[in-house]
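# Summary of structural features
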Amino acid sequence: MQTLRKALIIVRKDLLSELRTKEMLSSMFVFALLFIVVFSFSLDLRVENIVPLAPGALWVTFAFAGTLGLNRSLSSEV
């Protein structure tokens, strides 16, 4: 339980820091938006094709945007 408490304290500190600067959130949003635009041009997105492709495209976008945010978060700790 002590480890969970320490992890929550670190998460709280990172969230408060991000809410003050809003640096990481804006870059992650722009990255995700650009990624979705790239997917819309690179994939054949007709109405019948979008249903099986959309969830995968969104998860890839979220994963890469999350990686970008995690990288910035860890670089600020170093």
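Just so we're clear, the structure is a prediction, and the values are computed from it rather than from any experiment. (Residues numbered from 1 in each chain as written. Predicted model: local features only at pLDDT ≥ 70, side-chain atom pairs only at ≥ 80, totals over all residues. Heavy atoms only, no water.)

### Looking at the overall build of the protein
Applied cut-off: Numbering of helices and strands runs from the N terminus; a helix is a DSSP stretch of H or I covering at least four residues, while a strand is a stretch of E covering at least two. Taken over C-alpha atoms, the radius of gyration is set against a globule rule of 2.2 Å times the number of residues to the power 0.38. Whether two residues are in contact is decided by their heavy atoms: any pair within 4.5 Å suffices. Only the protein chains shown count as cover for residues, and the accessible areas themselves come from Shrake-Rupley with a 1.4 Å probe. Asp and Glu count as negative and Lys and Arg as positive, but His and the ends of the chain are not part of the count. Lysine's charge is taken at NZ, arginine's at CZ, aspartate's at CG and glutamate's at CD.
Across its full length, the protein carries 3 helices and 0 strands. The linear arrangement of helices and strands in the protein, starting from the amino end, is α-α-α. Here the C-alpha radius of gyration of the protein, 17 Å, is well above what a compact globule of 78 residues would show, namely 12 Å. In terms of its C-alpha atoms, the protein occupies a principal-axis envelope of roughly 50 × 30 × 20 Å. Once local pairs closer than 6 in sequence are excluded, the contacts in the protein between residues at least 24 apart make up 69%. A total accessible area of about 6600 Å² is found for the protein, and carbon and sulfur atoms account for 73% of it. Here the protein contributes 8 positive and 6 negative side-chain charges, whose respective centroids are spaced 13 Å apart.

### A short note on helix 1 (residues 2-21)
This is how the line gets drawn: For a helix, the expected span equals 1.5 Å multiplied by the residue count minus one. When a residue's accessible area, from a 1.4 Å probe over protein chains only, is under 20% of the maximum for its type it is buried; when over 50% it is exposed; and in between it is partly exposed.
The end-to-end C-alpha separation of helix 1 is 29 Å, in line with the 28 Å expected for 20 residues at 1.5 Å each. Within helix 1, only 1 of the 20 residues are buried, which leaves it mostly out in the open. Immediately downstream of helix 1, the backbone of Lys22 shows phi near 55 degrees, a positive value.

### Things to note about the packing of aromatic side chains
Applied cut-off: Note on aromatic pairs: the rings of Phe, Tyr and Trp (six-membered ring only in Trp) are paired at centre separations within 6.5 Å, and the planes decide the class, stacked below 30 degrees, edge-to-face beyond 60, tilted for the rest.
Enumeration according to the criterion identifies 3 aromatic pairs in this entry. Measuring from centroid to centroid gives 6.2 Å for Trp59 and Phe62, while their planes differ by 90 degrees, and the two rings are edge-to-face. One end of the pair is Trp59 and the other is Phe62, both in helix 3 (residues 47-77) and 3 residues apart, which spans about a single turn. A residue is classified by how much of its surface remains accessible, and Trp59, at 63% relative accessible area, is exposed. Here a set of aromatic residues connected by ring pairs shows up, and it is made of Phe31, Phe35 and Phe64.

### Some details on the confidence of the model for the protein
Quick reminder of the rule: The predictor's confidence in any single residue is recorded as pLDDT, a number from 0 to 100.
Averaged over all residues, the pLDDT of the protein is 78; the fraction at 70 or higher stands at 92%. Ranking the helices and strands of the protein by mean pLDDT puts helix 1 first, with 83, and helix 3 last, with 77.

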